[in-house]
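Chain by chain, the residues run as shown.
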Amino acid sequence: MALLAARSKIIKLIQAEHPDQSEADITSKLVAYSSDQAHSSVERAGLIGGVRMKKILSDNKFSVHGDALRRVIEEDRATGLIPFFFCATLGTTPSCAFDCITELGPICNAEKIWMHIDAAYAGSAFICPEFRPLLNGVEFADSFNFNPHKWLLVNFDCSTLWVKKRSDLIGAFKMEPLYLKHDHQESGLVTDYRHWQIPLGRRFRSLKLWFVFRMYGLKGLQAYIRKHVGLAKEFESLVRADQRFEISADVVLGLVCFRLKGSNELNETLLKRINSARKIHLVPCQLAGKFVLRFAVCARTTESRHVQEAWCHICHLASELLQELPH
């Protein structure tokens, strides 16, 4: 949604200055950016929008910094391309890394590039004051999204999107056929959400949010987030205490990226055995060319004993696997 709104906005701006340029000509030169750690949905947005998408290299902490983005923008402008959209990620899917939006935001604003923030998982943690600094730089964003169904106890699906100027979003999708006109549309009393999205209708998702907020309250939700972060830190300490394993990325919230010291094949085999046993389920990722296991604390009823049991199970399977290796 954000990419389509950004595309519509830049096309209108360019055509206002150069009326002779067609929409097709402008679109063929548009280029959007994201981190090389961004979720596949960002690349998918580029496919839906019919624009080229380029990935910006992240650093050794898997974060994108301003100089990396600026360098690519300058190269693309020199070849006649039109940068128009950048998706920053707060809490990447592979490792929960955070792009440096305090550096990226001013560049996007100066270059008239729409900055969208994808905080699908990590966004829920920002209800806790101690995690709010991770959000520094959000004032530069044109749009911001997080998914309460991921880590805020709301049933699937519930994805919240903010836009700085709602006219940018409405301007991209507003159509007024006679059969959809009504007496209240210009009154300002009714928000017509069919102009905010691709479908004409929508479910009453905000009701789910309201029930959760009423039931848990702010303090209850904060306690839930803090408990998960604490359990992830507990698991991290168990991994660090075992010399056979290594931590692959900083543990900031409820995700721990770890692996056996050794080859990718060794870790792939370990993961297959863990998931085949069906006691716990882990999802892997690739970080700097390494096959990495991801331990995510995300169930409402998870306790310390579950983390301890999971680690004992992983250690047992790892020991069996390592004993089978030729000495």
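This text follows the structure it describes.
I will try to describe carefully the structure that is included in this document. (Residues numbered from 1 in each chain as written. Predicted model: local features only at pLDDT ≥ 70, side-chain atom pairs only at ≥ 80, totals over all residues. Heavy atoms only, no water.)

Looking at the sheet that holds strand 1 (residues 30-35)
Stated formally: Following DSSP output, two strands are said to pair if at least two bridges run between them. Secondary structure elements are defined from DSSP: runs of H or I of at least 4 residues count as helices, runs of E of at least 2 residues count as strands, and each element is numbered from the N terminus. Axis definition: a line fitted to C-alpha atoms, limited for helices to the stretch in contact. Angles are taken between N-to-C directions and run from 0 to 180 degrees. Here, two residues are considered to be in contact whenever any of their heavy atoms come within 4.5 Å of each other.
Pairing is mixed in the open sheet, where six strands are placed in the order 2-1-3-4-5-6. Whereas interior strands pair on both sides, the edge strands pair on one side only; in this sheet they are strand 2 (52-56) and strand 6 (160-163). Across the sheet, the mean angle from the axis of one strand to that of its neighbour is 20°, orientation sign disregarded. Where strand 1 and strand 2 come together, five bridges link them in parallel fashion. Directly across from S34, in strand 2, lies its bridge partner K55. Against the sheet, helix 1 (residues 2-17) makes contact with strand 1, strand 2, strand 3 (82-89), strand 4 (114-118) and strand 5 (143-146), and its axis sits at roughly 155° relative to strand 3, the strand it touches most. Those strands touched by helix 5 (residues 101-110) are strand 3 and strand 4, and its axis lies near 150° from that of strand 4.

Concerning the packing of aromatic side chains
Note the cut-off: Only Phe, Tyr and Trp rings are paired, with Trp represented by its six-membered ring, and only when their centres lie within 6.5 Å; those with planes under 30 degrees apart are stacked, over 60 edge-to-face, the remainder tilted. A 1.4 Å probe rolled over the protein chains alone gives each residue an accessible area, and that area as a share of the maximum for its type sets the label: buried under 20%, exposed over 50%, partly exposed in between.
Counted under the stated rule, the structure contains 10 aromatic pairs. With centroids separated by 5.3 Å and ring planes inclined at 70°, the aromatic side chains of W210 and F211 adopt a geometry described as edge-to-face. Exposure remark for W210: the relative accessible area of 47% places this residue in the partly exposed category. By relative accessible area, which is 49% here, F211 ends up partly exposed. Grouped by ring-pair contacts, the aromatic residues F235, F245, F258, F295 and W311 constitute a single cluster.

Focus: the nonpolar core
Spelled out, the test is: As used here, the term nonpolar core means buried Ala, Val, Leu, Ile, Met, Phe, Trp, Tyr and Cys residues forming a set that is joined through side-chain atoms within 4.5 Å.
Counting residues in hydrophobic clusters, the biggest one holds 51 residues, and the most contacted among them are L69, F86, M115 and L253. For this core, the element with the highest residue contribution is helix 8 (residues 205-240), accounting for six residues. Not counting the four nearest positions on each side in its chain, M115 is found in contact with F86, A88, I101, L104, G105, C108, G137, F140, A141, D142 and S143.

Looking at helix 9 (residues 264-277)
Inclusion rule: In this analysis, the expected span of each helix is defined as 1.5 Å times one less than the number of residues it contains. Starting at the helix axis, one direction is taken to each C-beta atom, and the arc is that of these directions.
With 14 residues, helix 9 should cover 20 Å at 1.5 Å per step; its first-to-last C-alpha distance of 20 Å lies within 8% of that length. Looking only at helix 9, the buried set comprises L266, N267, L270, L271, I274 and N275. What you see down the axis of helix 9 is that its buried residues fit within an arc of 160°, all on one side. Opposite the packed face of helix 9, turned more than 90 degrees from it, sit the exposed residues E265, K272 and S276. Contacts made by the buried residues of helix 9 are with strand 7 (245-247), strand 8 (255-260), strand 9 (283-287), strand 10 (290-296) and helix 10 (304-324). Where helix 9 terminates, the next one or two residues include R278, which has phi positive at roughly 60°.

Side note on the packing of helix 1 against helix 3 (residues 40-49)
Stated formally: In what follows, roughly perpendicular refers to angles from 65 to 115 degrees, roughly parallel to angles under 35, roughly antiparallel to angles over 145, and oblique to any angle outside these ranges. Each helix crossing is assigned a hand: it is left-handed if the near helix lies turned anticlockwise from the far helix by less than a right angle, otherwise right-handed if that turn is clockwise. Under the convention adopted here, Pro, Cys and the residues Ala, Val, Leu, Ile, Met, Phe, Trp and Tyr are nonpolar, Asp, Glu, Lys and Arg are charged, and Gly plus all remaining residues are polar.
As a packed pair, helix 1 and helix 3 sit with axes 9 Å apart at the nearest point and diverge in direction by 45°. One way to sum up the angle between helix 1 and helix 3 is to call them oblique. Between helix 1 and helix 3 the crossing geometry is right-handed. Residues L3, L4 and R7 of helix 1 touch helix 3, and the partners they reach there are A45, G46 and G49. Of the residues contributing to the contact of helix 1 with helix 3, the split by class is three nonpolar, two polar and one charged.

A short note on the packing of helix 4 (residues 66-78) against helix 5
Between helix 4 and helix 5, the shortest axis-to-axis distance is 8 Å and the interhelical angle comes to 30°. Judged by the angle between their axes, helix 4 and helix 5 are roughly parallel. Residue-level contacts link G66, L69, R70 and I73 of helix 4 to E103, L104, I107 and C108 of helix 5.

Some details on the side chain of D99
Keep this limit in mind: The charged-residue count follows a simple rule in which Lys and Arg add positive charge and Asp and Glu add negative charge, with His and chain termini not counted at all. Any Lys or Arg side-chain nitrogen located within 4 Å of an Asp or Glu carboxyl oxygen qualifies as a salt bridge. Whenever a nitrogen or oxygen atom comes within 3.5 Å of another N or O atom, the pair is scored as a polar contact, on the condition that within protein one atom can donate a hydrogen and the other can accept it, and that pairs from neighbouring residues in sequence are kept only if both atoms are in side chains.
Tracing the backbone through its elements, the reader meets D99 in the loop between strand 3 and helix 5. Look at D99: it is buried, it has no salt bridge, and the nearest opposite charge is K55 at 13 Å. At a separation of 2.9 Å, a polar atom in the side chain of D99 contacts the main-chain amide nitrogen of V64. For D99, the residues in contact, after removing those within four places along its chain, are S35, F62, S63, V64, C87, A88, T89, L90 and L104.

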